[in-house]
Amino acid sequence: MQKGVKSSVLAFAVAVLFAACNQAPKGDNAKISEEQQAATSTGETFRIDTASSRIRFTGHGIGKSHPGIFKLNYGNVSVANQEITGGEFEINVKSLEVEEKGDMFQSKLKPHLLSGDFFDADKFGTAKFEITKVSPYKPDGKDTSLVKGANFNISGNLTLKNATKNITFPANVELVGNTLKAKANFDIDRRQWQMNYGNDKTLGDKFISETVNIELDLKAIQ
């Protein structure tokens, strides 16, 4: 292969790889509705292991994705007859860790995300999720979860800033002995929680997608 051709192929491969790394993460489409009554918790209580659990979010703009992680302050899940009956957890918004390294991300992006344009952490230092319903997940061919082994649909009130909406998403829940693990990966429209900054498509390359990807990785112990 000639040198010029090799260079062209290499440049193309690098471009494809770069684009793939910066594509918006894909999650299940969470159904969003108005706030609903919390489920009545019955049975045994499992305390969320805050050291082993995490909430990962990824925002996306033109050609770039920005992932970050929140820690949990506390949480619990109630289980009766091998089924979840209720539960809640509180997110420490101020604990945000931006995964990208470098001064631009740590000293500019992180403060901007915590500002009034997005999470407004000084006014709303915590967020909360409270379970309202749990039902078996049954894929129908048209609606197949991206979460491997998804076995339940979980509905709950998500409170961010001063807005509360009910969201429903598939999850894989495993209960082995005194340990419960839950994983989910879904997308929400941040505008539903009054985060409207930068979502006007007339901004061109400064456009920030209204879609935010959320990954839950929770562990609870009885």
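Computed from a predicted model, the values in this text were never measured in an experiment.

By convention here, two paired aromatic rings are described through the distance between centres and the angle between planes. Under the definition given, this model contains 6 aromatic pairs. Ring plane angle 75 degrees and centroid distance 5.8 Å describe the contact between Phe 57 and Phe 119, whose orientation is recorded as edge-to-face. Note that Phe 57 is positioned in strand β4 (residues 54-61) and Phe 119 in the loop between α2 (103-114) and β7 (126-136), a separation of 62 residues in sequence. With relative accessibility at 6%, the residue Phe 57 sits in the buried group. Look at Phe 89 and Phe 129: their rings are 5.4 Å apart centre to centre, the planes differ by 25 degrees, and that puts the pair in the stacked class. Taken together, the positions of Phe 89 in strand β6 (residues 83-98) and Phe 129 in strand β7 put the pair 40 residues apart, joining distant regions of the chain. For Phe 129, a relative accessible area of 6% corresponds to the buried category. A network of ring pairs unites the aromatic residues Phe 89, Phe 129, Phe 169 and Phe 186 as a single cluster.

Here we take up the pairing of strand β11 (residues 211-221). Relative to β11, strand β3 (residues 44-48) runs antiparallel, the two being bridged by 2 bridges. Following the sheet pairing, Arg 47 is matched in β11 by Ile 221. Of the pairings in the sheet, the one linking β4 to β11 comprises 5 bridges and is antiparallel in character. Considered in β11, the bridge of Arg 54 is made with Asp 217. In terms of strand pairing, strand β10 (residues 179-189) meets β11 through 11 bridges, oriented antiparallel. Of the residues in β11, the one forming a bridge with Ala 182 is Leu 218.

Here we come to the confidence of the model for the protein chain. Residues with a pLDDT of 70 or more make up 83% of the protein chain, whose mean pLDDT is 86. Between residues 5-22, whose pLDDT stays under 50, and residues either more than four places distant or in other chains, the model counts 5 contacts.

A separate point is the nonpolar core. Counting 46 residues, the largest nonpolar core has Ile 55, Phe 89, Phe 169, Leu 180 and Phe 186 as its most contacted members. At 6 residues, the largest contribution of residues to this core is made by β6. Ignoring sequence-local partners within four residues, the contact set of Phe 89 consists of Ile 48, Ile 55, Leu 72, Tyr 74, Gly 75, Ala 127, Lys 128, Phe 129, Leu 216 and Leu 218.

Among the 8 residues of β4, 7 are classified as buried, and the element is accordingly described as predominantly covered. Pairing between β4 and strand β5 (residues 64-80): 7 bridges, direction antiparallel. Its bridge partner being in β5, Ile 55 is matched across the sheet by Phe 70.

A separate point is the environment of Asp 187. Mapping Asp 187 onto the fold places it in strand β10. On the basis of relative accessible area, Asp 187 is assigned to the buried category, the value being 11%.

Right, let's get into unusual backbone geometry. Notably, Gln 82 is not glycine yet its phi reads approximately 65 degrees, a positive angle. Relative to the helices and strands, Gln 82 is located in the loop between β5 and β6. The phi dihedral of Gln 194 falls on the positive side, at around 60 degrees, and the residue is not glycine. Exposure remark for Gln 194: the relative accessible area of 43% places this residue in the partly exposed category.

Taking 1.5 Å as the rise per residue, α2 with 12 residues should run 16 Å; its terminal C-alpha atoms sit 16 Å apart, in good agreement. Turning to α2, its buried residues number three or more, namely Phe 105, Leu 109, Leu 113 and Leu 114. An end-on view of α2 places all buried positions within 125 degrees of arc, on one side of the element. Facing away from the buried side of α2, by more than 90 degrees, are the exposed residues Asp 103 and Lys 108. Buried residues along α2 sit against β4, β5 and β6.

The rules we used
Residues numbered from 1 in each chain as written. Predicted model: local features only at pLDDT ≥ 70, side-chain atom pairs only at ≥ 80, totals over all residues. Heavy atoms only, no water. Phe/Tyr/Trp six-rings, centres within 6.5 Å; stacked < 30°, edge-to-face > 60°. Helix = DSSP H or I, 4+ residues; strand = E, 2+ residues; numbered from the N terminus. Buried < 20%, exposed > 50% of the residue type's maximum accessible area, 1.4 Å probe, protein only. Pairing = 2+ DSSP bridges. pLDDT = per-residue confidence, 0-100. Contact = heavy atoms within 4.5 Å. Core = buried A, V, L, I, M, F, W, Y, C linked by side-chain atoms within 4.5 Å. Expected span 1.5 Å × (residues − 1). Arc of directions from axis to C-beta.

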